[in-house]
Amino acid sequence: MLSAERIMQRCDALARHSELPGGLTRVFLSPQNRAANELVLGWMREAGMQARVDAIGNVVGRYEGEKQPCLMLGSHLDTVRDAGRYDGMLGVITAIECVAALAEQSKRLPFAIEVLGFGDEEGVRFGTSMLGSRGVSGTLDPAVLNTRDAHGVSIAEALRQFGLDGSRLAQVARKKGEVLAYAELHIEQGPVLEAEGLSVGVVSAINGFSRPRATLHGEAGHAGTVPMHQRRDALAAAAECVLAVERIAQSDAALVGTVGRLEVKPGAINVIPGEVQFTIDFRAPRDTLRQEAVRSAVDAVQEIASKRRLTAAIEKIQELGVTACAPRLIEQLERAVAAQGLHVRRLPSGAGHDGQAIQAIADVAMLFVRCKGGVSHSPAESITEADAGVGARTLLSFIERFEPRS
Ligand SMILES: [Zn+2]
């Protein structure tokens, strides 16, 4: 029997493993990560799974089926700083709960089930995200293991201190065909389901993102002596650019755009800013829409710069295309939602998820669970026990009726 109460209790139990007293911060390969892994390994074994930690620090539980290939379920076990207790963990715990329900009835399916608790999705410690799922999908460049944290410890060293061997990274990677599909349950992190009074929603696609970085070069000068008409103020220009990005993002309801970081040089109260560097983050459910926004932003920045006699340089720092959820899996998840007597709602994911990495080896699907106020990545993150139950029943229904090929 699925127990929503147990799911909630386990989210609470994991939240106690935090480096932040009275809050939740649990980063990759930390002592708190180890303690959380121990709990999850125990729950997996209790649910009838073989469980272990792989070479990149993912917790892997396997419930055998009639045939070898698996349906992969899961989410991540790391958190941002001062996090909530459901983002990531809910997906791992709910998947274990579903396997426990099958094991209780000694029910085996035509395929195996694997539950993954990815060690790193948020990228807090090393500044590079989805290390766990990229390892599993074979898309993690081993050179990334040389990346260092704020204390100068590399991922390879941190793995060794954790008792793992990063040189065995290749063994973590799964081949196409070994994984029939990947399905992740996750809190929505947005307000759509709550606004429409729905417990769960089926994800259509994970939005892609583009992150250009712009540098404006003007001229520094004394704030008291340079007349206004002779200035080439890089920050005043950047302010116009920020507003241009906002205007571009407002041009389509499916598009969002943010300038989240601004570095001003020299950065003194009495000096005209000579150089400003800022980041742009555009996300959209369609690649063309996002790429068009980037082009418009580049044009706007160049135009603003030249109007103000500045020079602008724009570089691409990160880009990831839209991850479309597989139509056959969307349909199967929607049938599972309908089987609960619930209204079926399809929605895109504005935030990034492990499925973006796993897509390299398998089709992906996601089920969103309503969260209070659409709030995530915050201690205020909250879901109801009733919704946790709906999520678990929907996921179990999906698993039991899962058709590897349609
Ligand atoms: Zn998450």
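Residues numbered from 1 in each chain as written. Predicted model: local features only at pLDDT ≥ 70, side-chain atom pairs only at ≥ 80, totals over all residues. Heavy atoms only, no water.

## Things to note about the packing of helix 10 (residues 327–339) against helix 12 (residues 385–400)
- At their nearest, the axes of helix 10 and helix 12 sit 8 Å apart, and the two run at 125° to each other. Between helix 10 and helix 12, the angle is such that the two are oblique. For the pair helix 10 and helix 12, the sense of crossing is right-handed. Between helix 10, through Leu329, Gln332, Leu333, Ala336, Val337 and Ala339, and helix 12, the contact on the second element is made entirely by Thr394, Ser397 and Phe398.
- The class makeup of the residues in the contact of helix 10 with helix 12 is six nonpolar, three polar and no charged. (Axes fitted to C-alpha atoms, helices over the stretch in contact; angles between N-to-C directions. Helix = DSSP H or I, 4+ residues; strand = E, 2+ residues; numbered from the N terminus. Parallel < 35°, antiparallel > 145°, perpendicular 65-115°, else oblique. Left-handed = near helix turned anticlockwise from the far one by under 90°. Contact = heavy atoms within 4.5 Å. Nonpolar A, V, L, I, M, F, W, Y, C, P; charged D, E, K, R; others polar.)

## Thoughts on the layout of surface pockets
- Of the voids in this model, the largest pocket is the one considered here, and its volume is about 1,300 Å³.
- As for the largest pocket, its lining consists of 45 residues, of which Phe209, Arg211, Arg283, Ala351 and Gly352 are closest to the centre.
- Put simply, the parts of the chain that give the lining of the largest pocket at least two residues each are strand 7 (208–217), strand 14 (311–320), strand 16 (346–349) and helix 11 (355–358).
- For the lining of the largest pocket, the class distribution of residues is 18 nonpolar, 18 polar and nine charged.
- Empty space within the second largest pocket amounts to approximately 200 Å³.
- Lining the second largest pocket are Arg52, Val53, Asp54, Ala55, Gly163, Leu164, Asp165, Arg168, Gln171, Val172 and Arg174. (1 Å grid on protein atoms, 1.4 Å probe; cavity = no way out; pocket = protein on both sides within 12 Å on 5 of 7 lines; lining within 4 Å. Points joined across faces, edges and corners; volume = space filled by probe spheres on them.)

## Points about the coordination of the zinc ion
- His76 (NE2), Asp87 (OD) and His186 (NE2) make up the full set of protein donors to the zinc ion, lying at 1.9 to 2.1 Å.
- Ordering the donors of the zinc ion by residue number gives the pattern H-x10-D-x98-H. Pair noted here: His76 is in strand 3 (residues 70–76) and His186 is in strand 5 (residues 179–187), with a separation of 110 residues, a long-range link.
- For His186, a relative accessible area of 1% puts it in the buried group. (Donors = N, O, S within 2.8 Å, 3.2 Å for Na, K, Ca; no water. Buried < 20%, exposed > 50% of the residue type's maximum accessible area, 1.4 Å probe, protein only.)

## Let's talk about the side chain of Glu122
- Residue placement: Glu122 occurs in the loop between strand 4 (112–118) and helix 4 (131–137).
- Within the buried set, Glu122 has no salt-bridge partner at all; the shortest N-O distance to an opposite charge, 9.6 Å, is to Arg283.
- A polar atom in the side chain of Glu122 sits 3.2 Å from the side chain of His377.
- Contacts of Glu122, omitting those with residues within four sequence positions, involve His76, Asp78, Thr79, Val80, Asp87, Ser129 and His377. (Lys, Arg positive; Asp, Glu negative; His and termini not counted. Salt bridge = Lys/Arg side-chain N within 4 Å of Asp/Glu carboxyl O. Polar contact = N/O pair within 3.5 Å; in protein donor to acceptor, adjacent residues only side chain to side chain.)

## Topic: empty space enclosed by the protein
- For the structure shown, the criterion picks out one cavity of 30 Å³ or more.
- Estimated volume of the largest cavity: approximately 30 Å³.
- Around the largest cavity, the lining residues are His76, Asp78, Thr79, Val80, Ala83, Gly84, Asp87, Met89, Glu122, His377 and Glu381.
- The residue makeup of the lining of the largest cavity, split by class, is three nonpolar, four polar and four charged.

## Looking at helix 3 (residues 89–104)
- Given a rise of 1.5 Å per residue, 16 residues ought to cover 22 Å, and the 22 Å separating the end C-alpha atoms of helix 3 matches this to within 8%.
- For helix 3, the buried fraction is high: 14 of the 16 residues fall into the buried class.
- Looking at the residues trailing helix 3, positive phi occurs at Ser106, about 50°. (Expected span 1.5 Å × (residues − 1).)

## A short note on the environment of Thr215
- With respect to the element layout, Thr215 can be found in strand 7.
- Taking relative accessible area as the criterion, Thr215 reaches 8% and is therefore assigned buried.
- As for Thr215 and Glu157, which are separated by 58 residues in sequence, their C-alpha atoms are 35 Å apart.
- Setting aside residues up to four positions removed in sequence, Thr215 forms contacts with Glu275, Val276, Gln277, Thr311, Ala312 and Ala313.
- One polar contact links Thr215 to Gln277, side chain to side chain, over a distance of 3.1 Å.

## Comments concerning the nonpolar core
- Residues Val40, Leu90, Ile96, Ile113, Val115, Phe398 and Ile399 are the most contacted members of the largest nonpolar core, which totals 102 residues.
- A total of eleven residues in this core trace back to one element, the largest contributor, which is helix 3.
- When sequence neighbours within four positions are dropped, the list of residues in contact with Ile399 reads Leu71, Leu73, Cys98, Leu102, Leu109, Phe111 and Ile113.
- In terms of nonpolar packing, the next biggest core, distinct from the first, is built from 26 residues, Phe282, Leu289, Val301 and Ala312 among them. (Core = buried A, V, L, I, M, F, W, Y, C linked by side-chain atoms within 4.5 Å.)

## Here we look at the pairing of strand 12 (residues 275–279)
- Of the two faces of strand 12, the one lined by Val276 and Phe278 is fully buried and the one lined by Glu275, Gln277 and Thr279 carries no buried residue.
- Direction of pairing for strand 7 relative to strand 12: antiparallel, over a ladder of five bridges. Counted as the bridge partner of Arg213 is Thr279 from strand 12. (Pairing = 2+ DSSP bridges.)

## Points about the side chain of Asp87
- Mapped onto the elements, Asp87 comes out in the loop between strand 3 and helix 3.
- Among buried Asp, Glu, Lys and Arg side chains, Asp87 stands out as unpaired, with Arg26 the closest opposite charge at 9.7 Å.
- At a separation of 2.9 Å, a polar atom in the side chain of Asp87 contacts the side chain of His76.
- Once residues lying within four places of it in the same chain are set aside, the contact partners of Asp87 are His76, Glu122, His186, Ile187, Gln189, Ser376, His377 and Glu381.

## Quick notes on the state of the cysteines
- Inspection of the entire model under this criterion finds zero disulfides.
- Of all cysteine sulfurs in the structure, the one in Cys11 sits closest to Cys98, which takes part in no disulfide; the separation is 13 Å. (Disulfide = S-S within 2.5 Å.)

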